[in-house]
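# A structural walkthrough
Chain residues, written in single-letter form:
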Amino acid sequence: MKLHRRAMMAQLLAAPAVAGAGRAWAAPEPWTFEAFSAAMKASGRRQMITAEQWRTTVARKPRMLATIHTVLSHHFTLADPGVMRAFTEVPREYYHYHYDEQADFSTVAYEDESKPWRIGFGSALSDFRGQAYMTQLCRPKPGEKALEIGTGSGFQVSILSRIVDKAYSIEIVEPLGKAVAPIFKPLGYDNIETRVGDGYYGWPEVEGGFDIVIVTCVAQHVPPPLLEQLKPGGRMVIPMGQPFKREQFLYVFTKDDDGKVSSRKDLGVYFIPMTGAMQAKR
């Protein structure tokens, strides 16, 4: 790693939370093993990792951040500082939890191999490289509202919440959605709102729609309600393709000030399928 990159990572690790327009962000509380344990207890989840294992695990986090910086710099020329800061602040080990087994598997949160991890109920925590890429592809900014379709582990919406003003997320699997809902408040992430429902229909009750819609499951077509709820100037990132096939790609949809929607094909990906109305309307 080059010296200037080491210095940059050190600055990110020491930096306070992102300052969002119209929102008074407080610097995060020191993240210690005691803070991790207290948050796990408050969220009603069973902790398995020990203090020694936790310290060994989080010591690997700078390597993950360096990998993310390299990936984003390669694809976008520059790694968005807001995205880097969000990945620095959000403790990924807190989201490595298997809800079927009711136990954390936090020790592998920062392994060199970036891959999806099963979290129970047929869902997965996506790999951090892909999550970082999709986050920057959305171009999140302070003052915006974001909607995620597919809460899963809650990590992706937590990342967005450190950048935008308000983040919403919908999970169709009821036991998973209910189990994940309490995990945000113990971290002080009070600008996240989740609910159980079919993400195909979005969240129409949110006044004014969304600047960002990010879909974390593969669709066979774009749900019309999601496009309707996209603000002028908004961006939607959605994987499209056939379920359980490798011919899936990210698509980026944008809406101009006149309401005209444009799209472009992006990178190849692999996601679990969107269920609910998406399957019924195939």
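How each quantity is defined
- Residues numbered from 1 in each chain as written.
- Predicted model: local features only at pLDDT ≥ 70, side-chain atom pairs only at ≥ 80, totals over all residues.
- Heavy atoms only, no water.
- 1 Å grid on protein atoms, 1.4 Å probe; cavity = no way out; pocket = protein on both sides within 12 Å on 5 of 7 lines; lining within 4 Å.
- Points joined across faces, edges and corners; volume = space filled by probe spheres on them.
- Nonpolar A, V, L, I, M, F, W, Y, C, P; charged D, E, K, R; others polar.
- Phe/Tyr/Trp six-rings, centres within 6.5 Å; stacked < 30°, edge-to-face > 60°.
- Helix = DSSP H or I, 4+ residues; strand = E, 2+ residues; numbered from the N terminus.
- Buried < 20%, exposed > 50% of the residue type's maximum accessible area, 1.4 Å probe, protein only.
- pLDDT = per-residue confidence, 0-100.
- Contact = heavy atoms within 4.5 Å.
- Pairing = 2+ DSSP bridges.
- Axes fitted to C-alpha atoms, helices over the stretch in contact; angles between N-to-C directions.
- Lys, Arg positive; Asp, Glu negative; His and termini not counted.
- Salt bridge = Lys/Arg side-chain N within 4 Å of Asp/Glu carboxyl O.
- Polar contact = N/O pair within 3.5 Å; in protein donor to acceptor, adjacent residues only side chain to side chain.

Okay, empty space enclosed by the protein next. In total, this model carries one cavity of 30 Å³ or more according to the counting rule given. In this structure, the largest cavity occupies an estimated 40 Å³ of space. Arg-92, His-96, Val-108, Ala-109, Glu-111, Glu-113, Ser-114, Lys-115, Trp-117, Asp-127 and Phe-128 are the residues that line the largest cavity. Residue classes in the lining of the largest cavity are distributed as four nonpolar, two polar and five charged.

A separate point is the packing of aromatic side chains. Tallied over the entire structure, the rule returns 13 aromatic pairs. Taking the centre distance of 5.3 Å and the plane angle of 80 degrees together, the rings of Tyr-95 and Phe-155 count as edge-to-face. Here Tyr-95, found in the loop between α5 (81–89) and β1 (97–98), pairs with Phe-155, found in helix α7 (residues 155–161); they are 60 residues apart in sequence, far enough to count as distant. The class of Tyr-95 is buried, set by a relative accessible area of 0%. The exposure class of Phe-155 is buried, given its relative accessible area of 1%. Measuring from centroid to centroid gives 5.3 Å for Tyr-200 and Tyr-201, while their planes differ by 70 degrees, and the two rings are edge-to-face.

A word on the layout of surface pockets. Reported here for the largest pocket is a volume of approximately 1100 Å³. Every residue lining the largest pocket is counted, 46 residues in all, and those nearest its centre are Ser-126, Thr-216, Tyr-270, Phe-271 and Ile-272. Those elements that place two or more of their residues in the lining of the largest pocket are α4 (61–76), β3 (117–120), β4 (123–125), α6 (128–138), β5 (145–149), β6 (166–171) and β11 (261–269). The dominant element in the lining of the largest pocket, judged by the number of residues it contributes, is α6, at five residues. Taken together, the residues that form the lining of the largest pocket break down as 23 nonpolar, 16 polar and seven charged.

Positive phi outside glycine occurs at Phe-121, with the angle close to 55 degrees. Mapping Phe-121 onto the fold places it in the loop between β3 and β4. Although it is not a glycine, Arg-139 sits at a positive phi angle of roughly 55 degrees. The partly exposed category is assigned to Arg-139, whose relative accessible area is 43%.

With that settled, consider the confidence of the model for the protein chain. Detailed reading of the predicted coordinates is not advisable wherever pLDDT falls low. Per-residue confidence for the protein chain averages 89 on the pLDDT scale, and 89% of its residues sit at or above 70. When the criterion is pLDDT under 50, residues 1–27 qualifies, and its contacts beyond four places in sequence or with other chains add up to 44 contacts.

Within the open sheet, the seven strands sit side by side as β7-β6-β5-β8-β9-β10-β11. Their pairing is mixed. The open sheet is flanked by β7 (192–196) and β11, the only strands paired with a single partner. Shown here is a sheet whose adjacent strand axes are inclined to one another by a mean of 15 degrees, direction ignored. Direction of pairing for strand β9 (residues 230–240) relative to strand β10 (residues 248–255): antiparallel, over a ladder of six bridges. By the bridge assignment, Arg-235 is partnered in β10 with Thr-254.

In this section: the side chain of Lys-255. Tracing the chain through its elements places Lys-255 in strand β10. Within the buried core, Lys-255 has no salt-bridge partner, and the shortest N-O distance to an opposite charge, that of Glu-228, equals 8.1 Å. For Lys-255, the side chain forms a polar contact with the main-chain oxygen of Leu-227, separated by 2.7 Å. Ignoring anything within four residues of it in the chain, the contact list for Lys-255 reads Leu-227, Glu-228, Leu-230, Lys-231, Pro-232, Gly-233, Gly-234, Lys-260 and Val-261.

Looking now at the pairing of β11. The pairing of β10 with β11 spans seven bridges and is antiparallel. What sits directly across from Thr-254, in β11, is Ser-262. What sits between β10 and β11 in their antiparallel hairpin is a turn of five residues, with Gly-259 showing a positive phi close to 90 degrees.

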